[in-house]
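What the coordinates show
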Amino acid sequence: MATRHRPHTASADTRHSFATNVVEAGAAIDEVQRLLGHRSVTSTQVYLHPSPQRLRAAVDRVGSLVEEVRS
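Residues numbered from 1 in each chain as written. Predicted model: local features only at pLDDT ≥ 70, side-chain atom pairs only at ≥ 80, totals over all residues. Heavy atoms only, no water.

**Details of the overall build of the chain**
Note the cut-off: The way it works is that DSSP assigns letters per residue, a run of H or I at least four long becomes a helix, a run of E at least two long becomes a strand, and they are numbered from the N terminus. Any residue under 20% of the maximum accessible area for its type is buried, any over 50% is exposed, and the rest in between are partly exposed; the area is computed with a 1.4 Å probe on protein chains only. The contact rule is simple, with two residues in contact once any of their heavy atoms fall within 4.5 Å. For accessible areas, the Shrake-Rupley method is used with a probe of radius 1.4 Å. Any residue's cover is judged against the shown protein chains and nothing else.
Looking only at helices and strands, the chain has 4 helices and 0 strands in total. Mapped in sequence order, the helices and strands of the chain form the string α-α-α-α. Across the 71 residues in the chain, those meeting the buried criterion constitute 21%. Partitioning the contacts of the chain with sequence separation of at least 6, the portion at a separation of at least 24 is 39%. Only carbon and sulfur atoms are counted for the fraction: they give 56% of the accessible area of the chain, which is about 5800 Å².

**Digging into the nonpolar core**
Selection criterion: To qualify as a nonpolar core, a set must consist of buried Ala, Val, Leu, Ile, Met, Phe, Trp, Tyr and Cys residues joined through side-chain atoms within 4.5 Å.
In terms of nonpolar packing, the biggest core is built from 8 residues, these being A19, V22, V23, A27, V32, L36, Y47 and L48. Of all elements in the fold, only α1 (10–24) and α2 (29–36) reach the threshold of two or more residues within this core. Top element by residues in this core is α1. It accounts for 3 residues. In contact with A27, not counting residues within four places along its chain, are V22 and V32.

What follows is the structure, encoded as structure tokens:
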């Protein structure tokens, strides 16, 4: 059985941008999964490209939680 491969096109670029933008707007990965029509969340993960600012914000949130627990 032949495997169907899609070439990397502007359409694929649009899916990457859409997924990243939806997550940055506050959507959870399972919501993005459904929006993209993926059966597996691992398929969705390849479309996500967190910005350095978003990664820094995630680290800062953890630090805030630690401070709350210590108080």
